[in-house]
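Here's the letter readout for the chains.
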Amino acid sequence: GAEATIPVLVIGTGYGGSVAALRLAQAGVNVQMYEMGMAWDTPGSDGKIFCNTTSPDQRSYWLRTKTKQPLSNFLGFPIDKNIPRYTGILDAEEMGGIIVYQGRGVGGGSLVNGGMAVTPKRENFSAILPSVNADEMYNTYYPRANAALGVNTIDPAWFETTAAYQYARVGRKHAQRSGFPFVFVPDVYDWDYMKQEAAGTVPKSALAGEILYGNNYGKKSLQRTYIAQAKATGRVTIFPQHRVTSVAPAAGGGYNVVIEQISTSGDTVATKNVVAAKVFFAAGSVGTSKLLVKLKATGALPNLNAEVGQGWGDNGNVMCGRANHLWDPTGSLQSSIPCSGIDNWAAGGAFAEVAPLPTGIETYASFYLSITKNPNRAQFSWNAAAGKVDLNWQTAWKQPSINMAKTIFDKINAKEGTIYRTDLFGTYKIWGDHLTYHPLGGAVLNKATDNYGRLHGYPGLYVIDGSLIPGNTSVNPFVTITALAERNIEQIIATDL
Ligand code: FAD
């Protein structure tokens, strides 16, 4: 039976959920947030909250017995290793032909990501969110999101001299010699802290290779920004290790939400029912899409429209490495926080981040994560026989991304007389075309929802995360997810409370 009736329940604590919770709390509304991942606020036996990429332990992966590193091989050798099954921080979720990497814990993707905080170019915005007023976004909501996230840029003078960005300077040289625009990329990492890391005056995080499994210092994850502010209102309660499994209309109005409390081995230890007047789906593109598709198909929310589960994209992610000449070393010390990119979006449909390979040794490799204008979109559907939601993405659908990335790297290789690395994703495999870090879509704005994220068919149900965005943002997505959430929650607070 129902234990309580609450005004607002938020599913998930990533960008969308955190924006919703903070702004609702500031408007005087009490909010409960349910997050299936851990709190990540307590140090382990090594004194650190998060483990390092060089020695992943149980904290690294979500309910796996072996690591699933994005770069599976190095110099031809597989590098994955066995770990105890645990509710770790990074989920490598295998969906059809793609592995979707996602953060798990209070703070969602902000715990594991590179912190690259990129506002799309204004001229690209109408293709990203066609139904949204661009003036409002660029005058109000992007600035609001950037300020609240603590976005800052690297000191260009320090960039020129620090050993930790030798790899990025090599990336710049090669980009510019081939005539490509090289751009600095803002980040939520505290650049002053990183300078102190380099000076040896503070504990190291970015300069110790921390990324993917959390940053112990320096990165302003949501725990330090939106969530800290939300908690300070006294109106927000967060329940970690709580997974929402159902949302359905309650007899007396509002919605009955079923929640499983889970142990660190992923087992259900208690089931709770909460009745909420309003529910915000902020479980991320995959999490929200899976919930909505299941709830529609199984009769909990049958009136959701046919757009639910549609329009999913991978933000065109594709990775590759290049083998440099001996006169272009990229450095044995590489900051795990990328700070730059190669912009060939308009001409070739690719924006490539110059990414680190923080192995601790000289690799003579340049490594890149490209975001491309891949037009392919997949859909989620309910697999009744298996009792789960499937995604119909095909690995071959990455080919447009590869072609677009090649507009940059074939040219650089020709100019430099270099070749692609073939040892990073398997044996003799050039392209990392098996994954995405940037799942987007599945409950697209103005299609599955109205133009502010209200789900059609169910007053009081909202989507407020990356699932609203139809598959591509032209750059890294979290600033756009945050800014869109700021726009939508402002409207919802003004009209629906
Ligand atoms: P999320 O941040 O994914 O949050 C959703 C939360 O909901 C999660 O904490 C999840 O555990 C929880 N949840 C899911 N299902 C349930 C459920 N049923 N019940 C309860 N809780 C649930 N983006 C950038 O812009 N810049 C970068 O540098 C960057 N680097 C990245 C690097 C990596 C390795 C990864 C994985 C991602 C990166 N991203 C980056 C992407 C970015 O982190 C995501 O786009 C962003 O986090 C999505 O925000 P969201 O609010 O949609 O959902």
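Residues numbered from 1 in each chain as written. Predicted model: local features only at pLDDT ≥ 70, side-chain atom pairs only at ≥ 80, totals over all residues. Heavy atoms only, no water.

1. A look at the packing of helix 3 (residues 134-149) against helix 11 (residues 478-496)
Relative placement of two packed helices is described by the angle separating their axes and the distance separating the axes. In plain terms, the rule: Axes, fitted as lines to C-alpha atoms, cover a helix only where it is in contact. Angles between the N-to-C directions of the axes lie from 0 to 180 degrees. Helix numbers and strand numbers start at the N terminus; a helix is a DSSP run of H or I with at least 4 residues, a strand a run of E with at least 2. In these notes the angle categories are as follows: under 35 degrees is roughly parallel, over 145 is roughly antiparallel, 65 to 115 is roughly perpendicular, and the rest is oblique. Crossing chirality is assigned from the near helix's rotation relative to the far helix, an anticlockwise turn below a right angle marking it left-handed and a clockwise turn marking it right-handed. By the convention used here, residues are in contact when the closest approach between their heavy atoms is within 4.5 Å. Note on residue classes: Ala, Val, Leu, Ile, Met, Phe, Trp, Tyr, Cys and Pro are nonpolar, Asp, Glu, Lys and Arg are charged, and everything else, Gly too, is polar.
Here helix 3 crosses helix 11 at 115 degrees, and the two axes come no closer than 8 Å. Overall, the two elements helix 3 and helix 11 adopt an arrangement that is roughly perpendicular. Relative to helix 11, the crossing made by helix 3 is right-handed. Taken together, the residues of helix 11 that come into contact with helix 3 (itself represented by M137, Y141, Y142, R144, A145, N146 and L149) are F478, V479, T480, T482, A483, L484, E486, R487 and E490. When its residues are assigned to classes, the contact of helix 3 with helix 11 shows nine nonpolar, three polar and four charged.

2. Observations regarding the sheet that holds strand 14 (residues 350-355)
Heads up, the rule is: Here, strands pair whenever DSSP counts at least two bridges between them.
Taken in spatial order, the six strands make up an open sheet running 7-13-14-15-12-18, and their pairing is antiparallel. Lying at the two open borders of the sheet, with one neighbouring strand each, are strand 7 (182-184) and strand 18 (419-420). Looking at chain direction, strand 14 and strand 15 (residues 365-372) are connected through six bridges and run antiparallel. Among the inter-strand pairings, A352 is bridged to a residue of strand 15, identified as S370. Strand contacts of helix 10 (residues 399-416): strand 12 (318-323), strand 13 (340-344), strand 14, strand 15 and strand 18, with the helix running at about 10 degrees to strand 12, the strand carrying the most contacts.

3. Topic: the sheet that holds strand 19 (residues 435-436)
Judged by pairing direction, the sheet is mixed, and its three strands sit side by side in the order 5-6-19 without closing on themselves. Whereas interior strands pair on both sides, the edge strands pair on one side only; in this sheet they are strand 5 (90-95) and strand 19. Bridging between strand 6 (residues 98-103) and strand 19 involves two bridges; their strand directions are parallel. Across the sheet, the residue bridging to I99 is L435, located in strand 19. Against the sheet, helix 8 (residues 284-297) contacts strand 5 and strand 6, and its axis sits at roughly 50 degrees relative to strand 5.

4. Considering empty space enclosed by the protein
Applied cut-off: Here a cavity denotes grid points, spaced 1 Å and computed from the protein atoms alone, that fit a 1.4 Å probe unable to get out, and a pocket denotes an open set having protein on both sides within 12 Å along at least 5 of 7 lines; residues with an atom within 4 Å of a point are the lining. Grid points are joined across faces, edges and corners, and a volume is the space filled by probe spheres set on the points.
One pass over the structure, following the stated rule, counts one cavity of 30 Å³ or more. Volume-wise, the largest cavity comes out at about 30 Å³. Taken together, Y15, S110, L149, V188, K220, S221, L222, T225 and F478 make up the lining of the largest cavity. Taken together, the residues that form the lining of the largest cavity break down as five nonpolar, three polar and one charged.

5. Things to note about the site of the ligand
Definition in use: Near, as used in this document, describes a residue that has one of its heavy atoms within 4 Å of the molecule or strand being considered. We call two N or O atoms a polar contact when they sit within 3.5 Å, provided that within protein one can donate a hydrogen and the other can accept it, with sequence-adjacent residues counted only if both atoms are side-chain atoms. Where accessible areas are quoted, they stem from the Shrake-Rupley method and a 1.4 Å probe; at the residue level, only the protein chains shown are allowed to cover.
In the vicinity of the ligand there are 37 residues, among which E35, G109, M116, G466 and F478 approach most closely. Between G109 and the ligand, the recorded distance is 2.9 Å, taken from a backbone N or O atom to an oxygen atom. One of the backbone N or O atoms of G114 is found 3.2 Å from a nitrogen atom in the ligand. Computed on the free molecule, the ligand has an accessible area of 1,000 Å², of which 95% lies beneath the protein chains in the complex. If you list the elements that add at least two residues to the shell around the ligand, you get helix 1 (15-26), strand 6, strand 9 (242-249), helix 8 and helix 11. Along the lines of polarity and charge, the residues of the shell around the ligand split into 16 nonpolar, 17 polar and four charged.

6. Thoughts on the pairing of strand 11 (residues 268-281)
In terms of strand pairing, strand 1 (residues 5-11) meets strand 11 through six bridges, oriented parallel. Across the sheet, the residue bridging to L9 is V279, located in strand 11. Relative to strand 11, strand 10 (residues 255-262) runs antiparallel, the two being bridged by eight bridges. Within strand 11, the residue paired with N256 across the bridge is V275.

7. A look at the pattern of salt bridges
Worth spelling out the cut-off: Salt bridge, as applied in this entry: a Lys or Arg side-chain nitrogen positioned within 4 Å of an Asp or Glu carboxyl oxygen. Exposed residues in this analysis have more than 50% of their type's maximum accessible area, buried residues have under 20%, and partly exposed residues fall in between, with area computed by a 1.4 Å probe over protein chains only.
Here the structure, examined in full by the defined rule, presents 23 salt bridges. Taking the shortest distance from any N to any O, the salt bridge between K388 and D390 comes out at 2.7 Å. Under the relative-accessibility criterion, K388 is labelled partly exposed at 44%. Taking relative accessible area as the criterion, D390 reaches 24% and is therefore assigned partly exposed. Across the salt bridge formed by D433 and K429, the nearest N and O atoms sit 2.8 Å from each other.

8. Side note on the state of the cysteines
A covalent bond bridging the sulfur atoms of two cysteines is what the word disulfide describes. How we decide: The disulfide criterion used throughout: a pair of cysteine sulfur atoms within 2.5 Å.
All told, the structure shown has zero disulfides when counted by the stated rule. Sulfur of C339: no disulfide; nearest cysteine sulfur belongs to C320 and is 18 Å away. On the accessibility criterion, C339 (1% relative accessible area) is buried.

9. A few points about the nonpolar core
For the record, the criterion: Residues belong to a common nonpolar core when they are buried Ala, Val, Leu, Ile, Met, Phe, Trp, Tyr or Cys residues joined through side-chain atoms within 4.5 Å.
By size, the foremost hydrophobic cluster in this structure holds 87 residues, and its most contacted members are L9, V247, V279, F280 and F281. Beyond its immediate sequence surroundings of up to four residues, L9 is in contact with Q32, Y34, V257, I259, V274, A276, K278, V279 and F280. If you look at the next biggest cluster of nonpolar residues, it comprises 62 residues, including V112, A352, M404 and L435.

10. What to know about helix 5 (residues 166-177)
Test applied: Helix span, expected: 1.5 Å multiplied by one less than the number of residues in the helix.
The terminal C-alpha atoms of helix 5 lie 16 Å apart, and with twelve residues this matches the ideal 16 Å at 1.5 Å per residue to within 8%. Among the residues of helix 5, Y167, A168, R169, V170, G171, R172, H174 and A175 are the ones counted as buried. Phi turns positive, to about 85 degrees, at G179, one or two residues after helix 5.

11. Considerations on the pairing of strand 1
Taking burial as the measure, the seven residues of strand 1 include five buried ones, the bulk of the element. Across four bridges, the pairing between strand 1 and strand 2 (residues 31-34) is parallel. Bridge pairing links I11 to Y34 in strand 2.

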